[in-house]
Amino acid sequence: MKVCVVGSLNTDMVISTPHIPNRGETVFGEKLDMLPGGRGANAVTTLSKLGKEGRLIGCIGHDSFGDALLAELRKNQVNISHIKRTMQASTGTTIIMIDDVAVNTMVGMRGANSYLSPEDIDKAVNGFEDYGILLAQMEMPEETIVHAMQEAKKNNVLVILDPKPAENITMKVLEATDIIIPNEQETKYMTGIEIKNIDDAIQAGRYFESLGISQSIIKMGQRGALVYTPTRIEHVAAIPVKVVDSVVGGAFSGALACAFLEGKDIFKATRFACVVSALKVTRFGAQIGIPTLEELNEFIEENNLYDYLNGFTGRLTNNIYHSKNVELKVD
C-alpha cells in the first residue's frame, strides 16, 4: 500500500540572521542557502528515506529551480512521474529567516504550485486504488485539493490534512478530512484558541471534533504534541534536543504516514513522528535534514528512546518497528 502526497515543491531561500527584523528595519544576514523544500516534497522524501513508497503529485516551473528540485527527489529515490511542469509560472519559493535561537519566519510564493488542477489528480491516480493514505496540504488551488480529498474518501483512503497555510482552509476541505495535524499558529487561526498549555490543545481538539474531524494532532513545538480522539487523549512530550533549524516541513506528516502504513494507531504513530521530527530539527534544511532509517536507528539507540516510543523494541527495519504489545501510558 502506498501513500499519495498532494503538495508543494518549493525552493527554500534560507537566510541565517542574528534576529528577525522589525517592521521597517534592515538586518544583515550571515549567509544565504538555496535548498530544496516544499511541504509535499519534504513529506514524500521522508517516506522514501524511511523505506516506504510515496507518490508526489505537484507542479513546478520550467526553470533551474525546478530542475534542482527534481534532481534532489531522484537522489532520494522518489517517484517523480506525476510532477507537472508549467510555463505559466516559476517554481514556488519560500524565503526563510532563521535567527540565532533557531526560530524561523517565512514568506512564501506559490508560483507553479497554483497550477495543479483536478485533472492532474485524475491523471496521476487510478481512483486511488493503490493507495492507503492521502497526505494533503493547502499550497495549491482549493478545488484541486478538495477534489483529491473527496476522491480519496470515496475509496476509503485515510485523509490526513497538514493545514498549511491555514487561511486557505474551507469547510469543504474540513469535511473531507479524517485527521488534522495543525501547529500552534494554524490551530489559533482556525479555532481562535491560543495554545498556551495542554488544556488549550484539548479544547482545540474538541473544536475540531465539533466540525466533524474526530481525530487531531496539535503540534506544540517544544511542548510536544496533543493527540485527540473522542475516546482517548494523550500528550506526547517533546524530546529534548539542541535545535539547529526548527523547520520540520513535512517530516512529521511523512513519518506519521509511515507508522500508519504499518497498522499502528494514532498514538504510536505520533510518538514515532515526534522522534523523526526531533532528529530533523537538529539538522539544517527542511529537506536535506530529513534522516535516513539508519540515522534514525542510531538516534534512538544513542538516546535510549525505546521507552519513549513505548511499545517499540529492537532496531528499526523497513517495517518501521516491532511492537512489544505494551500498553501506552499517558505522559
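Source: prediction; values computed, not measured.

## Looking at the UniProt feature "binding site: ATP" (unreviewed entry) in the protein
Working step 1: The feature "binding site: ATP" (unreviewed entry), as annotated in UniProt, sits at Asn183, Lys219, Met220, Gly221, Gln222, Arg223 and Gly224 in this numbering. In terms of the greatest pairwise C-alpha distance, the residues named above, spread along 42 residues, form a tight cluster of at most 11.4 Å across.
Working step 2: Inspection of the secondary structure puts Lys219 in strand β11 (residues 215–219).
Working step 3: Among the residues examined, Lys219 registers a relative accessible area of 17% and is labelled buried.
Working step 4: Setting aside residues up to four positions removed in sequence, Lys219 forms contacts with Arg39, Asp162, Ile181, Pro182, Asn183, Glu184, Gly224, Ala225 and Phe252.
Working step 5: Relative to the elements of secondary structure, Gln222 occurs in the loop between β11 and β12 (225–228).
Working step 6: By relative accessible area, Gln222 is classed as exposed at 74%.

## Comments concerning the pairing of strand β9 (residues 158–162)
Working step 1: Counting buried positions along β9 gives four out of five residues, so the element sits mostly inside the fold.
Working step 2: Where strand β8 (residues 131–137) lies against β9, five bridges are found, and the strand directions are parallel. Residue pairing in the sheet places Leu134 in a bridge with Val159 of β9.
Working step 3: Note on the crossover from β8 through helix α4 (residues 142–154) to β9: the handedness is right-handed.
Working step 4: Where β9 meets strand β10 (residues 179–180), two bridges bridge the pair, whose relative direction is parallel. Across the sheet, residue Ile160 finds its bridge partner in β10, namely Ile179.

## Details of the state of the cysteines
Working step 1: Per the counting criterion, the structure on display carries zero disulfides.
Working step 2: Of all cysteine sulfurs, the one in Cys4 lies closest to Cys59, which takes part in no disulfide; the gap is 15 Å.
Working step 3: Residue Cys59 is classed as buried on the basis of its relative accessible area, which comes to 1%.
Working step 4: Between Cys274, a free cysteine, and Cys258, which holds the nearest cysteine sulfur, the sulfur-to-sulfur gap is 14 Å.
Working step 5: Taking the relative accessible area as the measure of exposure, Cys274 reaches 11% and is therefore buried.

## Some details on the nonpolar core
What tends to happen in soluble globular proteins is that the nonpolar side chains get buried as a cluster.
Working step 1: Formed by 50 residues in total, the largest nonpolar core has its most connected members in Leu73, Leu256 and Val275.
Working step 2: In terms of residues, this core owes the most to one element, helix α9 (residues 266–280), which gives ten residues.
Working step 3: For Leu256, the contacting residues outside a window of four places in its chain are Ile160, Ile181, Ile217, Ala269, Thr270 and Ala273.
Working step 4: Val6, Leu116, Met138 and Ile193 belong to the second-largest nonpolar core, a separate cluster that totals 41 residues.

## Some words on a negative patch on the surface
Working step 1: Negative charge collects at one region of the surface, where Glu119, Asp122, Glu142 and Glu143 lie side by side.
Working step 2: Looking at the negative patch, the elements with two or more residues in it are α3 (118–124) and α4.
Working step 3: Inspection of the secondary structure puts Asp122 in helix α3.

## Some remarks on the packing of helix α8 (residues 251–261) against α9
Working step 1: Between α8 and α9, whose axes approach to 8 Å, the crossing angle comes to 140°. Considering the angle they form, α8 stands oblique to α9. Pair α8 / α9 crosses with right-handed handedness. Between α8 and α9, the residues in contact are Ala251, Phe252, Ala255, Leu256, Cys258, Ala259 and Phe260 and Ile266, Ala269, Thr270, Phe272, Ala273, Cys274, Val276, Ser277 and Lys280, respectively.
Working step 2: Among the residues forming the contact of α8 with α9, the class breakdown is 13 nonpolar, two polar and one charged.

## Section: the sheet that holds β9
Working step 1: Strands sit in the order β5-β4-β1-β8-β9-β10-β11-β12-β13 across an open sheet of nine strands; the sheet is mixed. Each edge of the sheet is formed by a strand with only one pairing partner; in this case those strands are β5 (83–86) and β13 (233–236).
Working step 2: When β12 meets β13, the two strands line up antiparallel, connected through four bridges. Within β13, the residue paired with Ala225 across the bridge is Val236.

About the criteria used
- Residues numbered from 1 in each chain as written.
- Predicted model: local features only at pLDDT ≥ 70, side-chain atom pairs only at ≥ 80, totals over all residues.
- Heavy atoms only, no water.
- UniProt positions renumbered as here; feature names shortened; annotations may be inferred.
- Helix = DSSP H or I, 4+ residues; strand = E, 2+ residues; numbered from the N terminus.
- Buried < 20%, exposed > 50% of the residue type's maximum accessible area, 1.4 Å probe, protein only.
- Contact = heavy atoms within 4.5 Å.
- Pairing = 2+ DSSP bridges.
- Right-handed = clockwise from strand over helix to strand, strands pointing away.
- Disulfide = S-S within 2.5 Å.
- Core = buried A, V, L, I, M, F, W, Y, C linked by side-chain atoms within 4.5 Å.
- Patch = residues over 30% accessible without salt bridge, like charges linked within 9 Å, V, L, I, M, F, W, Y side chains within 5 Å.
- Areas by Shrake-Rupley, 256 points an atom, 1.4 Å probe, with all protein chains shown as cover.
- Salt bridge = Lys/Arg side-chain N within 4 Å of Asp/Glu carboxyl O.
- Lys, Arg positive; Asp, Glu negative; His and termini not counted.
- Charge placed at Lys NZ, Arg CZ, Asp CG, Glu CD.
- Axes fitted to C-alpha atoms, helices over the stretch in contact; angles between N-to-C directions.
- Parallel < 35°, antiparallel > 145°, perpendicular 65-115°, else oblique.
- Left-handed = near helix turned anticlockwise from the far one by under 90°.
- Nonpolar A, V, L, I, M, F, W, Y, C, P; charged D, E, K, R; others polar.

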